[in-house]
Every structure is written in C-alpha cells, then in structure tokens.
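Residue strings, one per chain:
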There are 2 protein chains.
Amino acid sequence: MAKNRVTLKDVAQRAGVSYQTVSKLINRQIRLAEETEQRIWQAIQDLGYTPHYNARSLRAQRSFTIGYSWPPSPPDETNPILDQFLQSMFVAAEARGYYLLMFPYHYEVEKQIAAYADLIDAGRVDGFILSSVEYDDPRIRYLQERNFPFVAFGRSNPEWVFPCIDVDGGQGLYEVTQHLIALGHHRIAVLAWPRESRVGNNRLEGYFKAMAEAAIPIDENLILRGEGKLDFGYRATQQLLSLSLTQRPTAIVALNDYMAIGAMQAAQEQGMRIGEDLAISGFDDIPLARYLTPPLTSIRQPIWEIGQHVIQRLIDIIENGQIPEPQCLLVPPTLIVRASTDPKVKASPFSRTATQKEVISR
Amino acid sequence: MAKNRVTLKDVAQRAGVSYQTVSKLINRQIRLAEETEQRIWQAIQDLGYTPHYNARSLRAQRSFTIGYSWPPSPPDETNPILDQFLQSMFVAAEARGYYLLMFPYHYEVEKQIAAYADLIDAGRVDGFILSSVEYDDPRIRYLQERNFPFVAFGRSNPEWVFPCIDVDGGQGLYEVTQHLIALGHHRIAVLAWPRESRVGNNRLEGYFKAMAEAAIPIDENLILRGEGKLDFGYRATQQLLSLSLTQRPTAIVALNDYMAIGAMQAAQEQGMRIGEDLAISGFDDIPLARYLTPPLTSIRQPIWEIGQHVIQRLIDIIENGQIPEPQCLLVPPTLIVRASTDPKVKASPFSRTATQKEVISR
C-alpha cells in the first residue's frame, strides 16, 4: 500500500462518487447526504488514503514543523523583541516549507521537559528553537540526550557545546563603556541582573574589559543588581545619587532600557540634566528609546538576522544532519549613541530624519 | 490495514529487531547499523505504520492544530498585547489537546489568501484565529466560502455575521469622555486613526455618544486623524495648542497610548502641566503608561480572557460544529484613571502599592 500511493481517484472510484466530490468533502467545501459522506470516509479508511500533508510527512518521516516556546513577559513589561523574532523565524521557515508550532512555557522543569517529550513522541515537530537560555538549561541536556535537533538563541554553560547563536552582549557593553570613558567618565555605575543571570554576566564582561583596558579600578559599590525592571532602575539610581560627591557615579550603564528609563526618572526628579550632569545608557533599543527626553543611548540586537539564522541552521541540521561550524555563532550588537550620554547629539526625535542624526557606531 | 492498526510490535517482528529498538530509532534516540536502520524503515513502509500523532490525526480526520498569523508591528513600535494574546491562546489550546501553528502575514490579498488555502488544502490546520480584522476583510469572505472554521478577534462590516469576539472600544471611549466631562471639560480633542480604520471608528462612536448625551456640540477641528504613532500625536498636539485660547482643547483623548505619549511631550515642551493645564488619555494601558510623568490615564483590554475565549469557541466549532450565540461577543474594557487626567490621583508609580492607588472604574 505504502509503495503504490492511493490517490483521490481511487477513493472516488471505491465510493462511487466523482473525484471533485471527494476533494470538496476533504476540504470541507461541501456537505453531502450523511450516507454519502460515510461511504467516502469508509473508502478513505479502507484504502488508507492520506491527505497531502500527512502523506508528505509520512514519506519523509518528518512533520515539517519546528517547535518554539518562550517565557511570557510579566504583565508590567513588554517583550521588545518578540514580534520581530517570531516574524523573522516564520518567514525563514516558510521559505523552506516549514511552519512554527507554539506551545506553552512551563517554569517547572518536569512539566517543561514533558512538553518537549510529548511533541517529539507524537512526531509533531522535527526540531526546536530555544530562547531565554540560562546556565544548566535542562532543555539542552534533554534534547542532547535524545539526539533531537535544536538550535538555541543564547549561550549556556561555557563548556557546553551545542548549536547556538547569540548576541555578543559583552561587546555591546564594551563599546558603550569605552564611549563613556572617551567622554571623560571614570565613575561608571552598572544596573545589572543577579549573579545567576547568564545573559547579565555575558554583558558585564564587556564592562570589566573596557574598565581594565583603561586601567580604571572597579568600585563594587557602583554595581547594583536587581530584577531588571523600571522601578529597580529608579530605586538603584536614588541610592547611587545619595552617595557623597566623590563616590557618586557620573555615568550609569543599564543592562536594559527599562532600568535606564527608571534611572532617568530618578535623576530628573533630583533636577539633574541627563547627558550633561549624568550620562545614562540602556540595552535593547526599545522603540520608545529614541522618543525619550532626552533620547536614550542604547544597544540594538540584530533580531531579524538572528531569527533567520536559527531557522536556517535548524533546517540544515534536520535535513542534512549538518552541524554548523562554529557550533555557536556570536553576532555583535550596534551601539546607538543619543543625547542621554552625549549632549552633542541633539536631534529632535520628531522628524523623519531622526535616525540619520543618530550616531551608529558600526 | 486501516482497521487493524499496525503497531510497533508488528514493525519489530517484520524487521527482526526488538520493540524498543524500533521505538528508539523512530524517536531518534539511537543510531544503528545502516543496514538495520534501512530494514526497519522498510518494515514501517511495508506495513504502513504511522506514528502516534499522524495516526490520531488520520483517525480523527483532524490535525489538532490552529493556524494564526498577524501583521508584524512596524520597527518603531512594540505590539503591546501580542505576547499575552499568544500565551493565553496556546495555554487554552493545550488544555484541549491543540497547538498553534504560526505563518507569515502577507499584505497582498492574493498571497494572503493563498497562505490560508495552502494550510487548508494540506490538512495542516482545523481552523484559524484572525486578528487585525478590518472592513471587507478578504480572509473572512474566503473562509466563509470554504465553510472552514474560524473565530475572529475583532469585528468587520456591521452587516456581516461570523464568530467573533471584540473589545467594546466604543464603551472605553464613552467612559473616558464621560470622565473628562465630569471633570468640567467641554473642548475635548481626539487623536484618531484614518476614516477607513474599523477599530478607530468603533472607538470614536463612544466619544460621540458621550458628547451627545452631555449636549456638547462636536467641533470637527478638534478631531485629528493620523497613523496612530507617537510623532503624529506630537505634531497633532502642537497644532491643537496653536489654536486660539477659545478654540484650544482642555483635554485630549488619544486612541492609543503612543499618540498620548507624543501629546504629553508636545504639551510639556510648551510648559504645560499635564493633568492640570491639559488632560490627556490613551488606550491600551501599555506597561510604561503607569510609569510616565505624570502616569497616563488609559483603557485596558482583557487580552487574556479574549485569547482563552477565541480558542474555546473555535474548538467548539471544530469539534461540535457548535456556532456560538451571540455569534459576536463584545467585552468591555477597563478605564484606568491616573494623574494625566485627574491630578488628585497622585500616587507615585514607584511603590508596590501603585496599582492600589489607581482608580479602576469597574
């Protein structure tokens, strides 16, 4: 049966109806007398007819589907890269005949792994895209044990080897710290994530590197760690600004834009002019960054390219078992200098040429 | 063949290997000698063995998959409801054994319809969720012609009847306009979308209704239409504030938060105190709204409930042909009053109790 593929015509002949009738019934374009419908479904069953996708899928032993799940953003935040990342992935997938299947993210490890196992066992996906990858990520361990294709957006433990692509956040922090040092800043504070944060540590490395190269000693009192939200940025900046004049930072580097916005508000409440009395930078370049007063210096990740790349890598692995070299690709982000660190960049954000007046470092 | 379902054991017997070996090979947990692997795949082909999902799918003539596609947000905006809407949908879908399949959105009508047709013809989905529904939406026409299950988040032409759920944006505008009238405002401007915008027109109806009930004549010069972005809000507000004192509005109602933020910036540049000299409100309650200076009055949509609802409705249609009554359900949004319209609401946004100090109207 599997060798001589059953066609719609075979089904039509057996059921004693026309080819078009079978086609329309399968595609739900018509309703027929119940007895006729039943006869056609019976013929489909008897002959083992499979519609197009299932047939292609069975022939290839593949589902032409890629699974993806991500942690939901908290209610008081918007995920600034989600839409672009998703769109870039399914445009890339469509170009190669694949679709993306979404499923809920579970924080509990057992449930999380069960969700991946279910999709594999049911043959519903050919591979996975992972994101929000942290240290000791259980998904990576599990998929490697099962030898099931995946590509991660994000690194994990430094000694683990697996297909991944990541933004070189350290490079971004290195560049913004160098930029501030070049403007004469020495006391540069950092609004960071907790020590367990893999992404946070990758980014911080660039700060330490730039400070070391400029031979500026690190003041641990200027590195504040919190949950990465606007109000942490606000409170941490109040704390920094309460330091004595000799200890107080002249610049604050935040590991994301939300913390930077909180920092701007805390400083402005104390009458400070951002960019002149205090330099502040963010990370992510959220759409609002350019519209803040003053516009916020930030670091932009090449999300569209990353989405395209993870999908192409994954499909290469699925179809050809082709493990990419290097297994983990690091792509540099782009520093966008605006008036929050450099008051010479004074462009009004409300003009069609706003982006031309931004200083893009690469 | 289809009646006596082929099992893994049948395959194992025919290939002369153990049940576990076949299972592991199918699940990609082992690699075997090439000859052995080939023998097993041959047995699978000969017997017409189908893995679990395909088998369930063939038996039920369903894919247990729901298709969804949405227009990407422009690079200078973040879609404030996307993450929550997606998460709520696939949590609801998982609870009933379904997954969501994503595919690219095409603006060209022919390509757009082809994407839907391909998924139907290939048997890959059992139904669709539509969003960003506009007047004369070609997707609705097409899916109705094919009698293929769908549920829309959003209304279309008033005379069209199809399964949908929508936020009653008119109710939101009605409430915020009443709120402003109660505070003594008469000259209330609106920052709106173009006349072709179905969502915009639904929302505006509430403004007209509240104004009519208060017997305040409509001043067409105070209704400005643009593309719904921050810089339109900024420019439109500059224009409104250049009117003579007797014509100038004392309140501005924006149809989304981005336009409201632009309006706040334009007014603040002219030294006006928002909430005291000029009241401004938005729509969407983006996460940043409560953190603005002053915090922005806005209108929140019950996105989680909508996501759950569209999926449950759709699966009811798919599984039971059950058309809901009423076919289109309207759910009210929630007015969140903050200091941008009412300076008595003075809560600092930077406290754990911030939300308690907001005045939630329902």
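Above this note sits the structure.
Computed from a predicted structure; not experimentally measured.

Some remarks on the state of the cysteines
Residue and element names in this part refer to chain A. All chains considered together, the criterion is met by two disulfides over all chains. Residue pairing for Cys164: its cysteine sulfur links by disulfide to Cys328, the two sulfurs lying 1.9 Å apart. A torsion of -80° about the S-S bond marks the disulfide between Cys164 and Cys328 as left-handed. In this pair, Cys164 is assigned in strand β5 (residues 164-167) and Cys328 in strand β11 (residues 328-331), connecting sequence segments 164 residues apart. Cys328 gets classed as partly exposed once you look at its relative accessible area, which sits at 28%.

Regarding the packing of helix α10 (residues 230-241) of chain A against helix α11 (residues 257-269) of chain A
Residues and elements named next belong to chain A. Their axes nearest at 7 Å, the elements α10 and α11 cross at an angle of 45°. Overall, the two elements α10 and α11 adopt an arrangement that is oblique. For α10 against α11, the interelement crossing comes out right-handed. Touching Leu230, Phe232, Gly233, Tyr234, Thr237, Gln238 and Leu241 of α10 are Tyr258, Met259, Ile261, Gly262, Ala263, Gln265, Ala266, Ala267 and Glu269, all from α11.

Topic: the sheet that holds strand β2 (residues 99-102) of chain A
One open sheet accounts for 12 strands, arranged β11(A)-β5(A)-β4(A)-β3(A)-β1(A)-β2(A)-β2(B)-β1(B)-β3(B)-β4(B)-β5(B)-β11(B); its pairing is mixed. If you trace the sheet from one side to the other, it starts and ends with β11 of chain A together with β11 (328-331) of chain B, each paired once. Neighbouring strand axes in the sheet, compared pairwise and without regard to direction, differ in orientation by 20° on average. With three bridges joining them, strand β1 (residues 65-68) of chain B and strand β3 (residues 127-130) of chain B adopt parallel strand pairing. Following the sheet pairing, Gly67 of chain B is matched in β3 of chain B by Phe128 of chain B. Seen against the sheet, helix α6 (residues 109-121) of chain B touches β2 of chain A together with β2 (99-102) and β3 of chain B and runs at an angle of roughly 155° to β3 of chain B.

A closer look at the pattern of salt bridges
Overall, the coordinates contain 28 salt bridges over all chains when judged by the stated rule. One salt bridge connects Asp136 of chain A with Arg141 of chain A, and the closest N-O pair in it is separated by 3.8 Å. The salt bridge partner of Asp137 of chain B is Arg139 of chain B, with a shortest N-O separation of 2.9 Å. We classify Asp137 of chain B as buried; its relative accessible area is 4%. According to the relative accessible area criterion, Arg139 of chain B is buried, its value standing at 1%. Here the residues in one salt-bridge network are Arg62, Arg96, Asp316 and Glu319 of chain A, joined through shared partners.

Quick notes on the environment of Val337 of chain B
Residue and element names in this part refer to chain B. Here Val337 is to be found in strand β12 (residues 334-337). Judged by relative accessible area, which is 7%, Val337 ranks as buried. Between the alpha carbons of Val337 and Val176 there is a distance of 8.5 Å; along the sequence they are 161 residues apart.

A look at the sheet that holds strand β7 (residues 223-225) of chain A
All names here are of chain A. Spatially, the four strands line up as an open sheet ordered β7-β6-β8-β9, and their pairing is parallel. The open sheet has two free edges, formed respectively by β7 and β9 (279-281), since each of these has just one partner strand. Averaged over all adjacent pairs, the angle separating strand axes in this sheet is 15°, with direction ignored. Direction of pairing for strand β8 (residues 251-254) relative to β9: parallel, over a ladder of three bridges. Note on β9: the bridge partner recorded for Val253 is Ser281. Contacting β6 (188-192), β8 and β9, helix α8 (residues 169-182) crosses the sheet at an angle of about 170° to β8. Contacts from helix α9 (residues 198-213) reach β6 and β7 within the one sheet, and its direction differs from that of β6 by about 170°.

A look at the nonpolar core
Formed by 100 residues in total, the largest nonpolar core has its most connected members in Leu191 and Ile280 of chain A together with Leu191 and Ile280 of chain B. Sequence-distant contacts of Ile280 of chain B, defined by excluding residues within four places in its chain, comprise Ile252, Ala260, Ala263, Met264, Ile274, Leu296, Thr297, Ser340 and Thr341 of chain B. Counting residues in each nonpolar core, the second largest holds 57 residues, with Trp70 of chain A together with Phe90, Tyr98 and Ile165 of chain B among its members.

Some thoughts on the pairing of strand β3 (residues 127-130) of chain A
All names here are of chain A. Going residue by residue along β3, you find Gly127 and Ile129 tucked away on one face and Phe128 and Leu130 tucked away on the opposite face as well. Inspection of the sheet shows β3 paired to strand β4 (residues 150-153) by three bridges, in the parallel sense. Across the sheet, the residue bridging to Ile129 is Val151, located in β4.

Points about the environment of Asp219 of chain A
All names here are of chain A. The topology assignment puts Asp219 in the loop between α9 and β7. C-alpha of Asp219 to C-alpha of Gln247: the two residues are 28 residues apart in sequence and 9.1 Å apart in space. A polar contact is formed between the side chain of Asp219 and the backbone nitrogen of Asn221, at a distance of 2.9 Å.

Let's talk about the side chain of Thr78 of chain A
Mapped onto the secondary structure, Thr78 of chain A falls in the loop between β1 (65-68) and α5 (82-95). Residue class for Thr78 of chain A comes out buried when judged on its relative accessible area of 11%.

With respect to unusual backbone geometry
Residue and element names in this part refer to chain A. Backbone torsion omega between Thr293 and Pro294 reads -5°, so that peptide bond is classified as cis. You can see Pro294 is positioned in the loop between β9 and β10 (298-300). Positive phi, close to 55°, is recorded for Asp136, a residue that is not glycine. Relative to the helices and strands, Asp136 resides in the loop between β3 and α7 (138-145). Its relative accessible area of 41% is what places Asp136 among the partly exposed residues. Residues other than glycine seldom take positive phi values, yet Asp284 does so here, at roughly 120°. Note that Asp284 resides in the loop between β9 and β10. Assessed through its relative accessible area of 17%, Asp284 is described here as buried.

Procedures and definitions
Residues numbered from 1 in each chain as written. Chains lettered and ligands numbered in written order. Predicted model: local features only at pLDDT ≥ 70, side-chain atom pairs only at ≥ 80, totals over all residues. Heavy atoms only, no water. Disulfide = S-S within 2.5 Å. Helix = DSSP H or I, 4+ residues; strand = E, 2+ residues; numbered from the N terminus. Buried < 20%, exposed > 50% of the residue type's maximum accessible area, 1.4 Å probe, protein only. Axes fitted to C-alpha atoms, helices over the stretch in contact; angles between N-to-C directions. Parallel < 35°, antiparallel > 145°, perpendicular 65-115°, else oblique. Left-handed = near helix turned anticlockwise from the far one by under 90°. Contact = heavy atoms within 4.5 Å. Pairing = 2+ DSSP bridges. Salt bridge = Lys/Arg side-chain N within 4 Å of Asp/Glu carboxyl O. Core = buried A, V, L, I, M, F, W, Y, C linked by side-chain atoms within 4.5 Å. Polar contact = N/O pair within 3.5 Å; in protein donor to acceptor, adjacent residues only side chain to side chain.

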